[in-house]
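So the chains spell out like this:
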Amino acid sequence: MEISEVQLLGSYYQVFDARGKKVSELGKSNGALCGIGSGFFVVERGNYYVTYDAKSRKIAEVVAFQSKFKNTSGSTFNLIHGNQIISYDMNGKKVAERCE
């Protein structure tokens, strides 16, 4: 399911589909929203970046020790680690790495 928006309302992130219908919500206590991809969103929780689907079900975790979130694009997200940009798919699998 495609996600059009995730917005913080009170203590919950509300997830909306392409038609603007609320499809799920996730407690803010699960972490800080970092980015939204086409069918997933990324939350930073401690030393992890966690991906969730449109129904707010956890997909995967990526260890984020000494990494910073850069962006999401399509079905991937990017982290900066030192001078490297590392791309991961929504399942937490590393798909590419390059120098910044």
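You'll find the structure just up there.
An account of the accompanying structure is given in this report. (Residues numbered from 1 in each chain as written. Predicted model: local features only at pLDDT ≥ 70, side-chain atom pairs only at ≥ 80, totals over all residues. Heavy atoms only, no water.)

## What to know about the pattern of salt bridges
(1) Moving on: This structure, assessed with the given rule, holds six salt bridges.
(2) Moving on: Asp53 is the salt-bridge partner of Arg57, the closest N and O atoms lying 3.0 Å from each other.
(3) Moving on: Arg57 sits in the exposed class, given a relative accessible area of 52%.
(4) Moving on: On the accessibility criterion, Asp53 (16% relative accessible area) is buried. (Salt bridge = Lys/Arg side-chain N within 4 Å of Asp/Glu carboxyl O. Buried < 20%, exposed > 50% of the residue type's maximum accessible area, 1.4 Å probe, protein only.)

## Topic: the side chain of Ser87
(1) Moving on: Following the sequence through the fold, Ser87 ends up in strand 10 (residues 84-89).
(2) Moving on: Looking at Ser87, its side chain comes within polar contact range of the side chain of Asn78, at 2.4 Å.
(3) Moving on: When residues no more than four places from it in sequence are discounted, the contact partners of Ser87 are Phe77, Asn78, Lys93, Lys94, Val95 and Ala96. (Helix = DSSP H or I, 4+ residues; strand = E, 2+ residues; numbered from the N terminus. Polar contact = N/O pair within 3.5 Å; in protein donor to acceptor, adjacent residues only side chain to side chain. Contact = heavy atoms within 4.5 Å.)

## A word on the sheet that holds strand 1 (residues 3-9)
(1) Moving on: Read from one edge to the other, the open sheet built from three strands follows the order 1-2-3, with strand pairing classed as antiparallel. Bordering the open sheet on either side are strand 1 and strand 3 (22-27), each of which pairs with just one other strand. Going from strand to strand, the sheet's axes swing by 20° on average, the running direction of each strand aside.
(2) Moving on: Pairing between strand 1 and strand 2 (residues 12-17): six bridges, direction antiparallel. Within strand 2, the position partnered with Glu5 by the bridge is Phe16. (Pairing = 2+ DSSP bridges. Axes fitted to C-alpha atoms, helices over the stretch in contact; angles between N-to-C directions.)

## Brief notes about the sheet that holds strand 11 (residues 94-99)
(1) Moving on: With antiparallel pairing, the four strands of this open sheet are ordered in space as 8-9-10-11. Bordering the open sheet on either side are strand 8 (68-73) and strand 11, each of which pairs with just one other strand. Across this sheet, the average inter-strand angle for adjacent strands is 20°, counted without regard to direction.
(2) Moving on: Here strand 8 runs beside strand 9 (residues 76-81); their pairing, made up of five bridges, is antiparallel. In the strand pairing of strand 9, Asn71 is matched with Asn78.

## Brief notes about a nonpolar patch on the surface
(1) Moving on: A grouping of Tyr48, Val63 and Phe65 is seen on the molecular surface, where their side chains present a nonpolar patch of about 310 Å² in accessible area.
(2) Moving on: Along the chain, Tyr48 turns up in strand 6 (residues 48-53).
(3) Moving on: Residue Tyr48 is classed as partly exposed on the basis of its relative accessible area, which comes to 36%. (Patch = residues over 30% accessible without salt bridge, like charges linked within 9 Å, V, L, I, M, F, W, Y side chains within 5 Å. Areas by Shrake-Rupley, 256 points an atom, 1.4 Å probe, with all protein chains shown as cover.)

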